[in-house]
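Single-letter residue listing:
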Amino acid sequence: MPPEELWASHLIAKHDLFETVRTKTGLTLDPDVFTVGFARRATGYKRADLILSDLDRLRQIGKNAGKFQIVYAGKAHPHDAGGKDIIRHIFAAKKALKKAVTIVFLDEYNMDVGGKITAGVDLWLNTPQFPLEASGTSGMKAALNGVPSLSILDGWWVEGHIEGVTGWSIGESRLSAGPATSVDNNADVQSLYHKLENVILPMFYKDRAKYLSVMQHAIAINGSFFNTQRMVQQYVTDAYLR
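Predicted model only: the values in this text are computed from it and were never measured.

A cis amide bond, omega 5°, links F130 with the succeeding residue P131. Inspection of the secondary structure puts P131 in the loop between strand 4 (123-126) and helix 5 (137-144). Positive phi, normally seen in glycine, also occurs at R47, with a value near 50°. Structurally, R47 can be placed in the loop between strand 1 (34-39) and helix 2 (55-64). Residues other than glycine seldom take positive phi values, yet K98 does so here, at roughly 50°. Accessibility expressed as a relative area gives 62% for K98, which makes it exposed.

What follows concerns the pattern of salt bridges. Any two side chains of opposite charge can pair, given that their charged atoms come close. Enumeration over the complete set of coordinates arrives at ten salt bridges. As a salt-bridge pair, E133 and K46 come within 3.8 Å of each other at their nearest N and O atoms. Pair noted here: E133 is in the loop between strand 4 and helix 5 and K46 is in the loop between strand 1 and helix 2, with a separation of 87 residues, a long-range link. The closest approach of N and O atoms between R88 and D85, which form a salt bridge, is 2.7 Å. Of this pair, R88 and D85 both sit in helix 3 (residues 81-97), three residues apart, which is roughly one turn of that helix. The class for R88 is exposed, based on a relative accessible area of 52%.

Another aspect to go through is empty space enclosed by the protein. Taken as a whole, this structure holds two cavities of 30 Å³ or more when the rule is applied. One number sums up the size of the largest cavity: a volume of about 50 Å³. Together, F38, R40, R41, A42, A48, Y72, A73, G74, I87, I90 and F105 line the largest cavity. The set of elements that each furnish at least two residues to the lining of the largest cavity consists of strand 2 (68-73) and helix 3. Of the residues contributing to the lining of the largest cavity, the split by class is eight nonpolar, one polar and two charged. By volume, the second largest cavity amounts to about 30 Å³. In this structure, the second largest cavity is lined by W124, N126, G139, S149, S151, W156 and W157.

Looking at where K14 falls in the secondary structure, it is placed in helix 1 (residues 3-25). Looking at K14, its side chain comes within polar contact range of the side chain of D122, at 2.6 Å. When near neighbours in sequence (up to four residues on either side) are disregarded, K14 contacts P31, V33, T35, G120 and D122.

Further remarks concern the packing of aromatic side chains. Tallying each qualifying case throughout the model produces 13 aromatic pairs. Where F91 meets F105, the ring centres are 5.4 Å apart and the plane angle is 45°; that geometry is what we call tilted. Within this pair, whereas F91 is found in helix 3, its partner F105 is found in strand 3 (residues 102-106), the two being separated by 14 residues in sequence. The exposure class of F105 is buried, given its relative accessible area of 14%. With 5.3 Å between their ring centres and 90° between their planes, F204 and Y211 make a pair best called edge-to-face. Neither F204 nor Y211 differs from the other in exposure class; each is buried. Following the ring pairs from residue to residue traces out a cluster consisting of W7, F34, W168, F204, Y205 and Y211. The side chain of R40 reaches across the aromatic face of F38, ending 4.2 Å from its centre. Positioned over the ring face of F204 is R208, at 4.1 Å from the centre of the ring.

Basis of the calculations
- Residues numbered from 1 in each chain as written.
- Predicted model: local features only at pLDDT ≥ 70, side-chain atom pairs only at ≥ 80, totals over all residues.
- Heavy atoms only, no water.
- Helix = DSSP H or I, 4+ residues; strand = E, 2+ residues; numbered from the N terminus.
- Buried < 20%, exposed > 50% of the residue type's maximum accessible area, 1.4 Å probe, protein only.
- Salt bridge = Lys/Arg side-chain N within 4 Å of Asp/Glu carboxyl O.
- 1 Å grid on protein atoms, 1.4 Å probe; cavity = no way out; pocket = protein on both sides within 12 Å on 5 of 7 lines; lining within 4 Å.
- Points joined across faces, edges and corners; volume = space filled by probe spheres on them.
- Nonpolar A, V, L, I, M, F, W, Y, C, P; charged D, E, K, R; others polar.
- Polar contact = N/O pair within 3.5 Å; in protein donor to acceptor, adjacent residues only side chain to side chain.
- Contact = heavy atoms within 4.5 Å.
- Phe/Tyr/Trp six-rings, centres within 6.5 Å; stacked < 30°, edge-to-face > 60°.
- Lys NZ or Arg CZ within 6 Å of the ring centre and 35° of its normal.

Structure follows, in structure tokens:
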């Protein structure tokens, strides 16, 4: 796919998402501003608010590297107090950051809203606590739309990640460490901030051709393999017919 066609298609999806945001919240997002997406069930191990750990640092990143905005969506189980606390934290950060980093939270999360976000954002953020990510299908959907991931190396991203080609990792691989690995939220946060400030935002704003190349490779490498056709075929050949 030629990069100009990919970008034109992406802008259509981005405007579609922003129209949904405007309809649901009354907020008007700027399509020229780098947009991060995070949409999934709100529960503790998914750490939806990890990027909000240091609001002063986020303000500095937006000032130094380029403006960015975050679109959230998700639901917490009625009995998941921790998940509901995470959503409260997101709203508190939204209020504190104001226009420095615009945050939107879309309620009534469903497949339609999820589809608009995985197609319309510029970056897919995934911050699960290792090793609790079962798969991460939302990142696969984003890749099919040419949206690269910034993610913990867990679930599908262990296989799909090629640094700077299909997206970026948060932290290093922990596969050899085993399930008893201690969680270091601060290390993950610092890695996330470093990649956002020093790699991703500068590339998006100053080397758009390179960013489009990452988007192309997300489709060509991730999208061509992490899809339902390959999954069903592998179940048939490796499980049902053996």
